[in-house]
Amino acid sequence: MKTRIRAGLVGVVTSMTALATVAAATTVVRGPYLQTPTTASMIVRWRTDLPSSSRVAIGPAPGSLATNYDSLVPVTEHVVPVTGLTPDTLYYYSVGSISGAFVGDDVDHFFRTAPTTGASTPFRIWTIGDAGFTGADLDAVRDTFKAYNGGTSATDLFLLLGDNAYLTGTDMQYQAAVYDEHAEMLRTTPVYSTFGNHERISSQDLAQTGPYYDMFSFPTLGEAGGVGSGTESYYSFDYANVHFIVLDSEDFTPSSASGPMFTWLQSDLAATTADWVIALWHRPPYSRGLFHNSDTELNEVRMRQFVLPALESVGVDLVLCGHSHNYERSFFLDGHYGNGASFTNAFKKDLGDGDPTGDGAYRKADLGPIANSGAVYVVDGSGSEHRNATLAHPAHLVGLLETGSMVIDITGNTLTAQFLSGAGVIDDQFQIVKGSSCAPTPASGCNTAVRGKLTVRENADPARSRWSWKWKGGTIDAADVGDPTAETDVAVCVYDATGTLFGGQVFHGGVAWRTIKRGFEYRDKTLANHGFQKIKIRTGTPSLGAYVQAKAKGVGIGNPALPATTPITAQFLNLDSGKCWSSEFTTTRRNQADRLTAVIP
Amino acid sequence: MLALGLAPAVAFAHAGLDELDAATRQELAKRPDDPQRHIERARVLQMKGEWDAALEEVETAAARGGDPDVLGQVRASIYLDAGFPRMAKVEVDRVLARRPDAAGLLYERGRAWLAIGNPEAAARDFGDAIAKGPRPTPEQVIAHRDVLLGLGKKDAALRALDDGMARVGHVVSLELPAVDLEVELGRYDAALARLDRLAATAPPNPLWIARRGEVLDKAGRGAQARAEYAKALALIDARPAARRGKPFVDLKRRLEMALASAEHRGESR
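Residues numbered from 1 in each chain as written. Chains lettered and ligands numbered in written order. Predicted model: local features only at pLDDT ≥ 70, side-chain atom pairs only at ≥ 80, totals over all residues. Heavy atoms only, no water.

Visitor: Explain the sheet that holds strand β20 (residues 362–364) of chain A residue by residue, including any values.
Guide: Backbone hydrogen bonds hold the strands of a sheet together, and the pairing may be parallel or antiparallel. All names here are of chain A. Read across the open sheet, the seven strands follow the order β10-β9-β8-β23-β24-β25-β20; overall the sheet is mixed. Two strands bound the open sheet, and with one partner strand each, they are β10 (191–193) and β20. Within this sheet the neighbouring strands show an average axis-to-axis angle of 20°, counted without direction. Pairing between strand β8 (residues 123–128) and strand β9 (residues 157–160): four bridges, direction parallel. Bridging from a neighbouring strand, W126 pairs with F158 of β9. Seen against the sheet, helix α2 (residues 136–148) touches β8, β23 (404–411), β24 (414–421) and β25 (426–434) and runs at an angle of roughly 165° to β8. (Pairing = 2+ DSSP bridges. Helix = DSSP H or I, 4+ residues; strand = E, 2+ residues; numbered from the N terminus. Axes fitted to C-alpha atoms, helices over the stretch in contact; angles between N-to-C directions. Contact = heavy atoms within 4.5 Å.)

Below, the structure is given as structure tokens:
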């Protein structure tokens, strides 16, 4: 058995016998709960009714907890950093004193270390806001997540959006609304939190005093990634390929683009290269909840005026808040820092709903934080009750007067967020997909063409290489095409039997798209988008001359490996609806190292 | 530890406080004899700027057996917000006389001294609060620096930042202001050492490298400055174009101008 004793504590305990006596009567009255997960460590905390030494024992399975982490100082608030761990690895554990375990060493006590920073490891977040009222509503919100999550509370991250314990965030209120209520989750899932206005009644962010600051161990010096802030009121951390930024919208709300939190935020944002950026704080920049109007509450106004521009300028993807006791979800936004009345469609990066089963996902051209490329703002404040309100903020697409929580799944280049009501129903969902490459394999179920032609010319000078494709002889329903000038994202992709040859996604809007008679046309002389110079869709029937045409040239098309291997498939896809139009070329007229011609006559 | 500190309960108008107001009133109606409920109500009234009513709640809490130390803090906090710093200081002094371990209160007394017009005493209390307080914050350290700068004591302000960092950690929100002061004092090597220390805490950051270049430039070390500017530019350029938002575009422009200027000066020498 290996035992690690925390530095500096050896020799403090003079009587092991005395400790053992104390330990025998000691009961865990809070936790265990998990904090600040990194690829190599986890902080395990718990509270006992009587002072005792601290021991966390870990191992690969219950009954095999062979490594101990000890602190010999008798305390009731136990905070034990468990270090030297392996990334993305499951550990079972127990907590107790050096005399023995109090709880754990069973199938109910385990944690998983954070995946390697930057890795595209899929993970899930459960997040609740204003969940501080105990009772049937909070129980239902908690239990519906467990049911949704396959009958277990255990997930990867648990985010609390502030006002976690009503009425005033006292230790006793936290015990009931957080530690007792979510005991099962807290012993398996690390928790982070933001500081809410109700916490502020019993705790002080300026001095970091009070129960909120006594009970949590958040990273202040970049222990879990990001730039150190020096305070638990605002901080950042990395988890897999996501950079999380937790801000304080109470006393540290900036009144100008300056101050310690803002200075730190600027440096933190400049340093991150994570695929995703998610920010969270308590007071929403856009809301029309009961009692809480983001146009009239100064903290909300200031967060919107000073913090949002900084976040959006580096490409924040998702902002989670609470405060209003309801669910509100914005359009895919950028650049709106004024009051609700000044909101127009110009601030929407996508007019759609972002629902993969509705208008289709929101899209960003590349992994990583892309400046001013759109973000979704969520008010997830109905964790334990909901209050009637108009929810009429124009920045919001969805407003729900029901209790619930959010489940956020991040899988590589795809973020899927769902609002799970207290009744167990997904009442809203949206998805953000990053990257503009073609899918690795052709879509199925497409509308196939009676006729089609594909030509490719490769040149020693890549700038002179080109390809073109035409689909015709079939029907193209205008409703299936959508509207690329407004919200429909499309792709033109060409595959051979071994994989993608060329093509890519083209997002909606911008000056390159225009409406033409019975269709749409994309023209871009800069060839910036996968080399596309032209994409044209003419809807209608064969007799009306319906067709799809794509032309691309230059270095942007890549360096397709010719000769190609048949069958060769060329497709035009509406990425939002999944509708597609496809030509399959089983034979070629020419298929050489520099030239390909295939025709469906 | 005293549970309630003296954070400024700044009243940003009443918006958003109605909910708290209603909730604390309800709680008080349920348990009118609980001093804690009266203290919570006092805090909310304080946030609303209703000083007299808040003080009345504090006195009711006292009559119901509330902890005199906690009540003293709350009273002091209300006095401070209400613009009666001398009364606030008296309350803090009383608590500190009973609870000399409550070092966090020293910061509040510092605020009171500042409002009274005694920045020297404020600076002393701020310094003690940061040195002895349980969990000092960057905001408190910056407040300490500001008082000393207001007194024209740049060296002391720099020491205040260092003392703060000894407690808080070498964080950007304190180290960059310290760099600025070192530069003002003409201590360029010290400024560079601070930037190096900062750089060791996180991945390469173009903002910090740019600042390093500016310090070198100011120190008259043009060649080294140009190298830093180029390094920062390379770091920005290494980001895909789509990942360069306005802060990076602005920084890049600034760096290019600085680089050109440094090169011009280098050639003309």
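Still to come is the rest of the account.
Visitor: Please set out the sheet that holds strand β31 (residues 513–516) of chain A residue by residue, giving values where relevant.
Guide: Taken in spatial order, the eight strands of this open sheet run β31-β32-β33-β34-β28-β27-β38-β37 (chain A), and their pairing is antiparallel. Because the sheet does not close on itself, it has two edges, and the strands there are β31 and β37 (590–591) of chain A.

Visitor: If you had to explain the packing of helix α2 (residues 35–47) of chain B against helix α4 (residues 68–82) of chain B to someone new, which residues and values would you point to?
Guide: All names here are of chain B. At a minimum axis distance of 11 Å, the contact between α2 and α4 shows a crossing angle of 10°. Viewed along their axes, α2 and α4 adopt a mutual orientation that is roughly parallel. Residues I39, A42, R43 and Q46 of α2 touch α4, and the partners they reach there are V70, L71, V74, S77, I78 and D81. Residues belonging to the contact of α2 with α4 are distributed by class as follows: six nonpolar, two polar and two charged. (Parallel < 35°, antiparallel > 145°, perpendicular 65-115°, else oblique. Nonpolar A, V, L, I, M, F, W, Y, C, P; charged D, E, K, R; others polar.)

Visitor: Help me get a handle on the pattern of salt bridges, residues and values and all.
Guide: Pairing is possible between side chains that carry opposite charge, provided their charged atoms lie close to one another. Residues and elements named next belong to chain A. Taken as a whole and judged by the stated rule, the model has 63 salt bridges over all chains. Taking the shortest distance from any N to any O, the salt bridge between R304 and D295 comes out at 3.9 Å. Looking at R304, the relative accessible area reads 0%, which means it is buried. A relative accessible area of 18% means that D295 is categorised as buried. (Salt bridge = Lys/Arg side-chain N within 4 Å of Asp/Glu carboxyl O. Buried < 20%, exposed > 50% of the residue type's maximum accessible area, 1.4 Å probe, protein only.)

Visitor: For the domain arrangement of chain A, give the residues involved together with the corresponding values.
Guide: Accessible area lost on assembly of the parts is the figure often given for the size of an interface. Domain boundaries assigned for chain A yield domain 1 (2–112), domain 2 (123–434) and domain 3 (451–600). Here domain 1 of chain A and domain 3 of chain A have C-alpha centroids that lie 60 Å from each other. (Domains from an automatic or database assignment.)

Visitor: Any details on the nonpolar core? Residues and values, ideally.
Guide: Residue and element names in this part refer to chain A. One finds I245, L247, W264, L265, W281 and L311 to be the most contacted residues of the largest nonpolar core, which totals 102 residues. Leaving out residues up to four positions away in the same chain, I245 has contacts with Y235, S236, W264, L265, D268, L269, V277, I278, A279, L280 and L311. Core analysis: the next-biggest nonpolar cluster, separate from the first, contains 60 residues, I125, Y213, V246 and V407 among them. (Core = buried A, V, L, I, M, F, W, Y, C linked by side-chain atoms within 4.5 Å.)

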